[in-house]
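What the coordinates show
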Amino acid sequence: MPENEFIYVFDPLCGWCYGFDEHLLRLQKKFGSDMPFTVFSGGMIIDENAKPIAESAEFIKSHIPAVEEATGVTFGKPFLDLMEEGTYHLDSEPPSRALKVFKRLGDRTKSLQFGSRIQEMLYKEGKDLNQVEVYLQDAEKFGVDPSLFRDFFEEENIKRKTREEFDFTRSLGVRGYPTLILRTGDKGAVISRGFLPFRELVRAVETVFANTGDN
């Protein structure tokens, strides 16, 4: 286990997480392999809360301008069209399961990149994240055999492990997304609850190290 580690709890359907992606990727590049990212899915919209997007479209639309202005991302026309059509089923479990499969089969050091790509599929391209087919081409680009990805996606064990991951993030006390934690040794410090731009993330990390005497 590395001495220092970022623990990132997100949800594939979280718009602010989508906006956070590029800033976290810059943070990952800055600190490199000495401070790896472990990515967990939180299960923001599951079970009885999983519903057609029409039921939350107005809420989502009302927040898009703030997310775009603060983070620099854009929401693509295909996603906006998806909201207008209204039948797309918002459910965090399938895309979270896709990330779980990637962490099982792929290069775990690229989990942040694969999670970011999942969000681009929805928010830029308006793709149906409930269907395994949407992940296969990107899985292959990330070095995972598409047929193996498909098989694992349907496994009951993977479904169970995905649910266990949701429970684990709650055991950490995470109730909102995105949440970034820095583990140093046996201690953890919350770097952000919600979006922070890259420069503020770096400042928060440096503050943690200053307070622990690490450099």
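This is a predicted model, so every value here is computed, not measured. (Residues numbered from 1 in each chain as written. Predicted model: local features only at pLDDT ≥ 70, side-chain atom pairs only at ≥ 80, totals over all residues. Heavy atoms only, no water.)

A look at the overall build of the chain
Operational definition: Counting from the N terminus, the helices are the DSSP runs of H or I reaching at least four residues and the strands are the DSSP runs of E reaching at least two. The size measure is the radius of gyration over C-alpha atoms, and the globule rule it meets is 2.2 Å times the number of residues to the 0.38 power. Between two residues, a contact is recorded if the distance between any of their heavy atoms is within 4.5 Å. For every accessible area listed, the method is Shrake-Rupley and the probe measures 1.4 Å; residues are considered covered only by the protein chains on display. Positive charges come from Lys and Arg, negative ones from Asp and Glu, while His and the chain ends are left out of the count. For this purpose, a charge sits on NZ of Lys, CZ of Arg, CG of Asp or CD of Glu.
Counting its regular elements, the chain contains nine helices and six strands. Relative to the 2.2 N^0.38 estimate, which gives 17 Å for 215 residues, the radius of gyration of the chain is 17 Å and therefore close to what a compact globule would have. Counting only C-alpha atoms and orienting by the principal axes, one finds that the chain spans roughly 55 × 40 × 30 Å. By sequence separation, contacts in the chain at least 24 residues apart represent 76% of the contacts at least 6 residues apart. Accessible surface computed for the chain: about 10,600 Å², of which carbon and sulfur atoms make up 50%. Charge separation in the chain, taken as the distance between the mean sites of 28 positive and 36 negative side-chain charges, equals 4 Å.

Observations concerning a negative patch on the surface
Spelled out, the test is: Patch membership requires over 30% relative accessible area and the absence of a salt bridge. Like charges are linked within 9 Å, and nonpolar side chains (Val, Leu, Ile, Met, Phe, Trp, Tyr) within 5 Å. When a carboxyl oxygen of Asp or Glu is within 4 Å of a side-chain nitrogen of Lys or Arg, the pair counts as a salt bridge. Buried, partly exposed and exposed residues are distinguished by accessible area as a fraction of the type maximum, computed with a 1.4 Å probe on protein chains only: under 20%, between the cut-offs, and over 50%, respectively.
Together, Glu140, Asp145, Asp151, Glu154 and Glu155 give the surface a local cluster of negative charge. Relative to the helices and strands, Glu154 is located in the loop between helix H7 (146-153) and helix H8 (156-171). Relative accessible area serves as the criterion here: at 44%, Glu154 is assigned to the partly exposed category.

Examining the packing of aromatic side chains
This is how it is decided: Stacked, edge-to-face and tilted labels apply to pairs of Phe, Tyr and Trp rings (six-membered ring for Trp) whose centres lie within 6.5 Å, assigned for plane angles under 30 degrees, over 60, and everything in between, in that order.
Counting across every chain of the model gives 18 aromatic pairs. Ring geometry for Tyr135 versus Phe149: centroids 6.2 Å apart, planes at 35 degrees, classification tilted. A residue pair is termed long-range when its members are at least 10 positions apart, and Tyr135 in helix H6 (residues 133-141) and Phe149 in helix H7 qualify at 14 residues. Of the two residues, Tyr135 and Phe149, both sit in the buried class. On the numbers, 6.0 Å between centres and 40 degrees between planes, the contact of Tyr135 with Phe153 is tilted.

Remarks on the pairing of strand E6 (residues 187-193)
Remember that side chains alternate between the two faces of the sheet whenever the strand is regular. The cut-off we apply is this: Two strands are counted as paired when DSSP detects at least two bridges linking them.
The sheet contact formed by strand E5 (residues 179-184) and E6 spans six bridges and is antiparallel. For Ile181, the partnering residue across the bridge sits in E6 and is Val190.

Description of the sheet that holds E5
Defined as follows: Angular values range over 0 to 180 degrees, each being the angle between N-to-C directions of two axes fitted as lines to C-alpha atoms, with helices fitted over their stretch in contact.
Spatially, the four strands line up as an open sheet ordered E2-E1-E5-E6, and their pairing is mixed. Two strands close off the open sheet at either side, each with one partner strand: strand E2 (37-41) and E6. Strand-to-strand twist across the sheet, computed as the mean angle between neighbouring axes with direction ignored, equals 20 degrees. Pairing between strand E1 (residues 4-10) and E5: six bridges, direction antiparallel. Along E5, the bridge assignment pairs Ile7 with Ile181.

Brief notes about the environment of Arg163
Our working rule: Two N or O atoms count as a polar contact when they lie within 3.5 Å, although within protein this holds only if one can serve as hydrogen donor and the other as acceptor, and sequence-adjacent residues are included solely when both atoms are side-chain atoms.
With respect to the helices and strands, Arg163 occurs in helix H8. On the basis of relative accessibility, which here comes to 32%, the residue Arg163 falls in the partly exposed class. Distance from Arg163 to Phe10, taken between C-alpha atoms, is 14 Å for residues 153 residues apart in sequence. Excluding residues within four positions of it along the chain, Arg163 makes contact with Ile46, Asp47 and Glu93. Only 2.9 Å separates the side chain of Arg163 from the side chain of Asp47, close enough to count as a polar contact.

Regarding the nonpolar core
Under the convention used in this document: Residues belong to a common nonpolar core when they are buried Ala, Val, Leu, Ile, Met, Phe, Trp, Tyr or Cys residues joined through side-chain atoms within 4.5 Å.
Grouped together as the largest cluster of nonpolar side chains are 66 residues, with contacts concentrated most on Tyr8, Leu27, Phe79 and Phe149. Leu27 has contacts with Phe6, Phe37, Leu180, Phe198, Leu201 and Val202, leaving out every residue within four places of it along the chain.

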